[in-house]
Amino acid sequence: MPDVALPTLTAAPLGPTIGARVSGVDLSQPLPPSVAAELEALLVHHQVLFFENQPITPEQQRAFAATFGPLHIHPVYPNIPEFPEIMVLDTGPHNPTDNDVWHTDVTFVEAPPAIVALSAKKVPPIGGDTVWASAFAAYEALSEPLRRLLEPLTAVHDFSRSFPEWRHNGPGVYERWLEARAKNPIRVHPVIRTHPVNGRKALFVNDNFTAAILGLSPKESDYLLRFLFDHVARPEFTVRWSWKPNDLALWDNRSTQHYAVNDYLPHSRLMHRATVLGDRPV
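Please read all numbers here as calculations on a predicted model, not as lab measurements.

Definitions and limits used
- Residues numbered from 1 in each chain as written.
- Predicted model: local features only at pLDDT ≥ 70, side-chain atom pairs only at ≥ 80, totals over all residues.
- Heavy atoms only, no water.
- Helix = DSSP H or I, 4+ residues; strand = E, 2+ residues; numbered from the N terminus.
- Buried < 20%, exposed > 50% of the residue type's maximum accessible area, 1.4 Å probe, protein only.
- Pairing = 2+ DSSP bridges.
- Axes fitted to C-alpha atoms, helices over the stretch in contact; angles between N-to-C directions.
- Phe/Tyr/Trp six-rings, centres within 6.5 Å; stacked < 30°, edge-to-face > 60°.
- Lys NZ or Arg CZ within 6 Å of the ring centre and 35° of its normal.

Trans peptide bonds make up the majority, and among non-glycine residues the majority have a negative phi. Cis geometry is adopted by the peptide bond preceding Pro266, which originates at Leu265 and carries an omega value of 10°. Within the element layout of this structure, Pro266 appears in the loop between strand E15 (256-260) and strand E16 (269-276). In this model, Gln47 sits at a positive phi of 80°, which is unusual for a non-glycine residue. In this structure, Gln47 sits in the loop between helix H1 (33-46) and strand E3 (48-51). A relative accessible area of 1% means that Gln47 is categorised as buried. A positive phi angle is found at Asn53, which is not glycine, with a value near 55°. Residue position: Asn53 is located in the loop between E3 and helix H2 (58-66). You can call Asn53 exposed: its relative accessible area is 63%.

Structure below.
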């Protein structure tokens, strides 16, 4: 049997802290185990990888994401009925975005996602970028006394903080929200988590879901969380991507936050997301 040529991956860093553009692989095709392992290693190192010119069907995107583990089905956002693991983010005048806040995806579950794959299907003629921040860099830039203060602390992550009851009141929508709320009680995660692969420490609170730091007074918690939410967004921790149709971003949800820039109205943006389940933060 003739040898099968494996893809040759090339990763070009987009900055000193976070992000790389990857070429040399077709994500619509099954990945050999060695290539999947190389991609995962690149992901842990660069935290977010960008792939250009990757036309991919929902079925292919599901298969690609499942290379890295079991997939999450979002309890609220719409999905593709035939492929419920593919979440649909269709935003514009008809459906204003709610992702223009710094966040880590789905931290309201006991074992938040490890990896996320986002595919651009329709993008506005200008605007609609996404920005990612390194939670490693954010932690490492804190002073040593503040790190010592934060490391033993835990925080509450609340589904309702990002998905409030008042926003889900359409026919059938409220019932779905009630079911999702019942299945997603508040969770407690460490303020600083240790990455399960490389052992680096990362800031693990985000404005979408983190409601309070336990053991502090409400005023102390609010002040400290506001400082940390602002801190992670410092430009030197970030990389910004201007989407083109068929771009795909793959990010490490354990060590990043991201922000969908809401500057493209009256145009629309359509994205498909697949989310790989992770492990309990420690």
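Take the sheet that holds E15 next. Read across the open sheet, the three strands follow the order E13-E7-E15; overall the sheet is antiparallel. Each edge of the sheet is formed by a strand with only one pairing partner; in this case those strands are strand E13 (238-241) and E15. Strand-to-strand twist across the sheet, computed as the mean angle between neighbouring axes with direction ignored, equals 20°. Alignment of strand E7 (residues 130-134) against E15, held across five bridges, turns out to be antiparallel. Note that in E15 the partner of Ser134 across the bridge is Thr256.

Glancing now at the packing of aromatic side chains. This structure, assessed with the given rule, holds 13 aromatic pairs. Arranged with centres 5.5 Å apart and planes meeting at 90°, the rings of Phe64 and Phe68 form a pair that is edge-to-face. The pair formed by Phe64 and Phe68 is uniform in burial state, with each residue classed as buried. Through a chain of ring-to-ring contacts, three or more aromatic side chains come together here, namely Tyr77, Phe108, Phe159, Phe163, Trp177 and Phe209. The side chain of Arg147 reaches across the aromatic face of Tyr139, ending 5.3 Å from its centre. Over the aromatic face of Phe204 sits the side chain of Arg193, whose NZ or CZ is 4.9 Å from the ring centroid.

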